[in-house]
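Inside the fold
Take a look at the letters that make up each chain.
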Amino acid sequence: MKIRSKILIIAGSDSSGGAGIQADIKTATCLGIYAMTAVTAVTVQNTIGVKSVVSVPANEIYNQIIYTSKDIKPNAIKIGMLHSTQIINKVFKSLNEIKIKKIVLDPVMVAKGGSKLITYNAIELMKKKLLKKVTLITPNLPEAEILTGVKINSIEDMIFAANKLMKLGVPNILIKGGHLKSKKVHDIFVNKNEIKIFSSNRFNTKNTHGTGCTLSTAITSFFSCGKPLKKSCELGIKYVNSAILSNPKIGKGHGPVNHLNSIELNKKYK
Ligand code: PXL
């Protein structure tokens, strides 16, 4: 397989390999994309929980972004965990300098077990500064509630919250409906021209660690190849659903999804 495009991933490391930058690299790779990285934090965790979180110094994150993309220009950028205000300021500065247009932000706030991955002040700065820089934001329901102050109990509430996010300066929003009490999962894509609801079957499994990271990177991957954004969301959702359905059932807690669901081993290696 030839490399289809190149993306830069700005995110934290998950030592368990299911979420974070590990999920991002696996997802991009399995979709034929060359992945570059700027590591923002190192987490010690397994499928049961997070043991510790250490941020990478903001200037080192800035340098990773600038030095890497000066040499190999990414077609798109995915942003995940940004722990502090210092980090958001530096990421913002670097984005202004490298001038890449396609930016997908997964506003990571808490890990599956409930550990906080971002400070309160950083959330406020994200709202004030970073949201205006990105093409698409992909919050889950709790994240959308925190960013907008809207309590979300229905699809109508999701659309209302998406419109609020648009007013904060994000042109495209995908609110993920996995946390809504509904039979199917409804993910809602909103921009100033349209509202599209993607409905998927809900899978009865606890092995959903890393779904958010995986989805946002899958979307970034398709988008980086030139697919339209809404189509990229549709394909990203399809990839994650297939990853959940074929999850490898490993680990004692919330196990990872199957990032490899899109690939088959070439005959050469059998
Ligand atoms: O899924 C959110 C997430 C993002 N980034 C890192 C994580 C997690 C969840 O565990 O560890 C590094």
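Structure report, in brief. On a predicted model such as this, the values are computed, not experimentally measured, just so you know.

A few words now on the pattern of salt bridges. Applying the stated criterion across every chain yields a total of 7 salt bridges. A salt bridge links Asp106 to Lys176; the nearest nitrogen and oxygen atoms lie 3.8 Å apart. Of this pair, Asp106 sits in the loop between β5 (103-105) and α4 (120-128) while Lys176 is found in the loop between β7 (172-175) and β8 (185-190), placing the two residues 70 residues apart along the sequence. According to the relative accessible area criterion, Asp106 is buried, its value standing at 3%. Two residues, Lys230 and Glu194, come together in a salt bridge whose shortest N-O distance is 3.0 Å. In this pair, Lys230 sits in helix α8 (residues 229-245) while Glu194 sits in the loop between β8 and β9 (195-200), placing the two residues 36 residues apart along the sequence.

In spatial order, the strands read β3-β2-β1-β4-β5-β6-β7-β8-β9; together these 9 strands make up an open sheet with mixed pairing. Two strands lie at the open edges of the sheet, namely β3 (50-55) and β9, each paired on one side alone. As paired strands, β5 and strand β6 (residues 136-137) are joined by 2 bridges and run parallel to one another. Counterpart to Val104 in the pairing with β6 is Leu136. Most of the contacts of helix α6 (residues 155-167) go to β8, to which it runs at about 30 degrees, and overall it touches β6, β7, β8 and β9.

Moving on, we come to the nonpolar core. The biggest cluster of nonpolar side chains holds 49 residues, and the ones touching the most others in it are Ile10, Ile77, Ile79, Val91 and Ile175. If near-sequence neighbours (up to four positions away) are discounted, Val91 is found in contact with Ile10, Ile61, Ile65, Ile79 and Leu82. Ranked by size, the runner-up nonpolar core spans 28 residues in total, among them Cys30, Phe198, Phe222 and Cys233.

The rules behind these values
- Residues numbered from 1 in each chain as written.
- Predicted model: local features only at pLDDT ≥ 70, side-chain atom pairs only at ≥ 80, totals over all residues.
- Heavy atoms only, no water.
- Salt bridge = Lys/Arg side-chain N within 4 Å of Asp/Glu carboxyl O.
- Helix = DSSP H or I, 4+ residues; strand = E, 2+ residues; numbered from the N terminus.
- Buried < 20%, exposed > 50% of the residue type's maximum accessible area, 1.4 Å probe, protein only.
- Pairing = 2+ DSSP bridges.
- Contact = heavy atoms within 4.5 Å.
- Axes fitted to C-alpha atoms, helices over the stretch in contact; angles between N-to-C directions.
- Core = buried A, V, L, I, M, F, W, Y, C linked by side-chain atoms within 4.5 Å.

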